[in-house]
Amino acid sequence: MNHVDVKWKEGSVALCLDTKGNEMLCDWDSDNSLSPVQIMVQMVGVCSMAEVVVGMKEREFDSLTVGIDYERNNENPRYVTKMNLIFKLNTDLKWEKFIRRLISQTFDKYCSVASTISGVTEITWELELN
């Protein structure tokens, strides 16, 4: 079993820790810090991005960003109802079909973060190649 800790610091600030000493601050009520929902949404981006980077192997690309638009339920609990990820990759256009397959597989079977919320959140994606 894996283990992490969340420690209340003050006000609406929490310190997230793992057993290796990594830490991250989270503020659930401030515009000056990432909220728990923003962090969760971004982790879907990180998880899917990792699968694309690993899948590209020796294929050249200069940059990869994932922009994420999301909607939340209007009433409590304000869970994420929809999420659209926009993958922007600077690479040769000849890899487009391959990259689309990589991204599809990411959401079908590899990204554990997306899989965790898939029963609640509708996840879609787009690809922009430069």
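Before reading further, recall that the structure is shown in the block above.
The shown structure was predicted, so the numbers you read here are calculated from the model rather than taken from an experiment. (Residues numbered from 1 in each chain as written. Predicted model: local features only at pLDDT ≥ 70, side-chain atom pairs only at ≥ 80, totals over all residues. Heavy atoms only, no water.)

Caption draft 1: A look at the sheet that holds strand 2 (residues 13–18). Sheet architecture is open: three strands sit in the order 1-2-3, paired in antiparallel fashion. This sheet does not close on itself; its edge strands, each paired only once, are strand 1 (4–10) and strand 3 (23–27). On average, each strand axis in the sheet is tilted by 25° relative to the strand beside it, whichever way the strands run. (Pairing = 2+ DSSP bridges. Helix = DSSP H or I, 4+ residues; strand = E, 2+ residues; numbered from the N terminus. Axes fitted to C-alpha atoms, helices over the stretch in contact; angles between N-to-C directions.)

Caption draft 2: Just the nonpolar core, in detail. The biggest cluster of nonpolar side chains holds 23 residues, and the ones touching the most others in it are F87 and I99. Counting residues per element, the ones that place at least two in this core are helix 1 (36–56), strand 4 (61–72), strand 5 (80–91), helix 2 (96–110), helix 3 (112–117) and strand 6 (122–129). In terms of residue count, the dominant contributor to this core is helix 1 (six residues). Discounting residues that sit within four places of it in the chain, F87 has contacts with S48, M49, V52, L64, T65, V66, I103, F107, W125, E126, L127 and E128. (Core = buried A, V, L, I, M, F, W, Y, C linked by side-chain atoms within 4.5 Å. Buried < 20%, exposed > 50% of the residue type's maximum accessible area, 1.4 Å probe, protein only. Contact = heavy atoms within 4.5 Å.)

Caption draft 3: Structural context of the sheet that holds strand 5. Pairing is mixed across the open sheet formed by three strands, whose spatial order is 4-5-6. The open sheet is flanked by strand 4 and strand 6, the only strands paired with a single partner. Between one strand axis and the next, the sheet turns by 15° as a mean value, whatever way the strands run. Where strand 5 and strand 6 come together, eight bridges link them in parallel fashion.

Caption draft 4: View of unusual backbone geometry. The linkage connecting N76 with the following residue, P77, adopts the cis geometry, with an omega of -5°. Within the chain, K57 stands out as a residue other than glycine whose phi angle is a positive 45°. Along the chain, K57 turns up in the loop between helix 1 and strand 4.

Caption draft 5: Up close: the side chain of S12. Considering the arrangement of structural elements, one finds S12 in the loop between strand 1 and strand 2. Exposure remark for S12: the relative accessible area of 14% places this residue in the buried category. Once residues lying within four places of it in the same chain are set aside, the contact partners of S12 are C26, D27, W28 and D29.

Caption draft 6: Layout of the side chain of T91. Here T91 lies in strand 5. Once residues lying within four places of it in the same chain are set aside, the contact partners of T91 are M56, E60, F61, I99, L129 and N130.

Caption draft 7: How the structure looks around the packing of aromatic side chains. Using the criterion set out here, one finds three aromatic pairs in the structure. Look at W95 and F98: their rings are 6.5 Å apart centre to centre, the planes differ by 70°, and that puts the pair in the edge-to-face class. In textbook terms, an aromatic cluster arises when at least three aromatic residues are bridged by ring pairs, as seen for F87, F107 and W125. Stacked on the ring of W95, the Lys or Arg R59 has its end atom at 5.1 Å from the ring centre. The aromatic ring of F98 is capped on one face by R59, whose charged end is 4.0 Å from the ring centroid. (Phe/Tyr/Trp six-rings, centres within 6.5 Å; stacked < 30°, edge-to-face > 60°. Lys NZ or Arg CZ within 6 Å of the ring centre and 35° of its normal.)

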